[in-house]
Amino acid sequence: MRTFVTLFAVVANLALADAVVKECAVRLKGSAALSVIPGLFDLAYVENRGCAWGMLQGTVWPLAVFGLVALAFLIWKRRSVFGAPEGIRFPRLASAFGRIAEPLLYAGIIGNLLDRVVRGYVIDMFDFHWGVHHFPCFNLADAFISVAAGLLVIVSFMPRSKADKSEASS
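Bear in mind that the values here come from a model prediction, so they are computed numbers and not experimental data. (Residues numbered from 1 in each chain as written. Predicted model: local features only at pLDDT ≥ 70, side-chain atom pairs only at ≥ 80, totals over all residues. Heavy atoms only, no water.)

## A few points about helix α2 (residues 60-76)
Item 1. The first and last C-alpha atoms of α2 sit 24 Å apart over 17 residues, in line with the 24 Å expected at 1.5 Å per residue.
Item 2. Inspection of α2 places V60, L63, A64, G67, L71 and L74 among the buried residues, and these make up the whole buried set. End-on view of α2: buried residues confined to an arc of 105 degrees, all on one side of the axis. Projecting away from the buried face of α2 at angles above 90 degrees are the exposed residues W61, P62, F66, L68, V69 and W76.
Item 3. Check the buried side of α2 and you find it contacts α3 (78-82) and α4 (91-118). (Helix = DSSP H or I, 4+ residues; strand = E, 2+ residues; numbered from the N terminus. Expected span 1.5 Å × (residues − 1). Buried < 20%, exposed > 50% of the residue type's maximum accessible area, 1.4 Å probe, protein only. Arc of directions from axis to C-beta. Contact = heavy atoms within 4.5 Å.)

## Notes on a nonpolar patch on the surface
Item 1. Residues L34, V36, I37, L40, F128, W130 and F135 make up a contiguous nonpolar surface patch of about 690 Å² in total accessible area.
Item 2. Elements supplying a minimum of two residues to the nonpolar patch: β1 (34-37) and β3 (122-130).
Item 3. Sort the elements by how many residues they give to the nonpolar patch and β1 lands first, with three residues.
Item 4. As for its placement among the helices and strands, L40 is situated in the loop between β1 and β2 (41-48). (Patch = residues over 30% accessible without salt bridge, like charges linked within 9 Å, V, L, I, M, F, W, Y side chains within 5 Å. Areas by Shrake-Rupley, 256 points an atom, 1.4 Å probe, with all protein chains shown as cover. Salt bridge = Lys/Arg side-chain N within 4 Å of Asp/Glu carboxyl O.)

## Considerations on the sheet that holds β1
Item 1. Pairing within the open sheet is antiparallel, and its four strands lie in the order β1-β2-β3-β4. Only two strands of the sheet have a single neighbouring strand rather than two, namely β1 and β4 (133-134).
Item 2. One ladder, built from six bridges, connects β2 with β3; its direction is antiparallel. Looking at β3, one finds that V46 is bridged to D124. (Pairing = 2+ DSSP bridges.)

## Looking at the pattern of salt bridges
Item 1. Under the defined criterion, the tally for this structure stands at six salt bridges.
Item 2. For D18, the salt bridge goes to K22, with nearest N and O atoms at 2.8 Å. Of the two residues, D18 and K22 both sit in helix α1 (residues 2-26), four residues apart, roughly one turn of that helix.
Item 3. Linking R119 and E23 is a salt bridge whose minimum nitrogen-to-oxygen distance equals 2.5 Å. Remark: E23 occurs in helix α1 and R119 occurs in the loop between α4 and β3; sequence separation between them is 96 residues.
Item 4. Using a relative accessible area of 27% as the deciding quantity, one classes R119 as partly exposed.
Item 5. Several salt bridges share partner residues, and in doing so they unite D18, K22, E23, D115 and R119 into one network.

In structure tokens form, the structure reads like this:
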């Protein structure tokens, strides 16, 4: 029970941080982007009615349903998704990455899901660029999801023990 309460508290605080940052970004609506690091990083206000990199524009409700289904699936399969895989050579590190990734992924999904349901779009505000080359604008929830995905990818490439490798090749 203590683990669930801790997980819930972390997810709630991360989702709250995302909501607060998005509310701060609303103040930029209708104005030019605010240059934080000239030529590299701006704060902007963007209403994204699609998903990553502006794809699937105008599909708010299908994306909201997909987010809800993804969240339910991750909660249902949480031990296999976020736990250390069998036979991994560094189980403590893999387990730590899973414990970090789990609340980040939940909070990221919840943050963007709330925006889609309440506003009808997701607010993005972080705009990185190099000259005229722009990385797609994103928000804190997107960053949570990206970091969680990166940690899970690292775990998937962690070496397996020799016994596990010989069983897999037979």
